[in-house]
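Architecture at a glance
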Amino acid sequence: MNALELIDKYYSDNPELRHILLVHSRQVADRALQIVDAHPELHADRLFVEEAAMLHDIGIKFCNAPKIYCFGEHEYIEHGYLGAELLRAEGLPRHAGVAERHTGTGITLDEVQLHEWKIPVQDYTPQTVEEEIICYADKFFSKSHIGEESSQGKIRKTLWMYGADTVARFDKWQKKFSL
């Protein structure tokens with residue numbers, strides 16, 4: 001499986017968005033691979049982590065976020081499950097799980113119901129160590145500030161908007177995945 005070929009298949013018509021997606025995804029993949037290499041005791045699948053990190057945001061093209069050249073019809077919160085649908089259609093169900101469960105520190109069933117988001121009502125929290133690693137690594141890099149890395153303090157402050165449980169998941173991963 002070649003992640004770049006898959007990205008090109010869906011993003012060749014929008015070079016600005018393709019660039020943002022590639023830079024962001026490479027940053028996330030590099031951070032995730034540092035974690036995998038620093039923690040062999042986790043037995044994470046290194047090749048899968050790299051591939052899935054490169055594809056975790058493949059659904060953004062379907063969303064409306066003009067600041068990052070996304071001109072789709074869906075709300076941004078939907079990019080995870082939309083990307084998962086795309087990856088399942090491509091025969092990549094394991095990669096789809098990462099796309100589906102990487103938003104925030106994962107989204108619980110209760111959070112979906114509370115916020116009434118336009119996503120299928122289910123649990124979207126990471127289920128595997130690989131999903132956790134990519135979800136955690138993703139928090140350090142924004143697509144709207146490409147090339148910059150967020151501090152742990154800034155990430156925690158942003159996550160507080162979504163509640164204490166979200167911050168607690170991040171803090172747990174911070175200890176588990178320390179570099």
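Before any of the text, the structure's been laid out above.
Everything numeric in this text was worked out from a predicted model, so none of it was measured.

Points about the nonpolar core
Counting residues in each nonpolar core, the largest one holds 48 residues, and the members touching the most others are Leu 55, Leu 87, Ile 133, Ile 134 and Phe 177. Elements with a minimum of two residues in this core: helix H1 (3–11), helix H2 (15–38), helix H3 (46–55), helix H4 (79–89), helix H5 (93–100), helix H7 (129–138), helix H8 (152–159) and helix H9 (164–176). The residues touching Leu 55, leaving out its near neighbours within four places in the chain, are Met 1, Ala 3, Leu 6, Ile 7, Leu 87, Leu 92 and His 95. Counting eight residues, the second largest nonpolar core, distinct from the first, contains Cys 63, Leu 82, Ile 107 and Ile 119.

Remarks on the pattern of salt bridges
For the structure on display, the rule yields 18 salt bridges. Across the pair Lys 61 and Asp 13 runs a salt bridge whose closest N-O atoms are separated by 3.8 Å. Taken together, the residues Lys 61 in the loop between H3 and strand E1 (64–65) and Asp 13 in the loop between H1 and H2 connect sequence positions 48 residues apart. Taking the relative accessible area as the measure of exposure, Lys 61 reaches 23% and is therefore partly exposed. Since its relative accessible area comes to 60%, Asp 13 is described here as exposed. Ionic pairing is found between Arg 169 and Glu 111, a salt bridge with its closest N-O pair at 3.7 Å. A residue pair is termed long-range when its members are at least 10 positions apart, and Arg 169 in helix H9 and Glu 111 in helix H6 (residues 109–115) qualify at 58 residues. Classification of Arg 169 as buried rests on a relative accessible area of 18%. Counted as one network, the salt bridges with shared partners bring together Arg 88, Glu 100, Arg 101 and Glu 131.

About the cut-offs
- Residues numbered from 1 in each chain as written.
- Predicted model: local features only at pLDDT ≥ 70, side-chain atom pairs only at ≥ 80, totals over all residues.
- Heavy atoms only, no water.
- Core = buried A, V, L, I, M, F, W, Y, C linked by side-chain atoms within 4.5 Å.
- Buried < 20%, exposed > 50% of the residue type's maximum accessible area, 1.4 Å probe, protein only.
- Helix = DSSP H or I, 4+ residues; strand = E, 2+ residues; numbered from the N terminus.
- Contact = heavy atoms within 4.5 Å.
- Salt bridge = Lys/Arg side-chain N within 4 Å of Asp/Glu carboxyl O.

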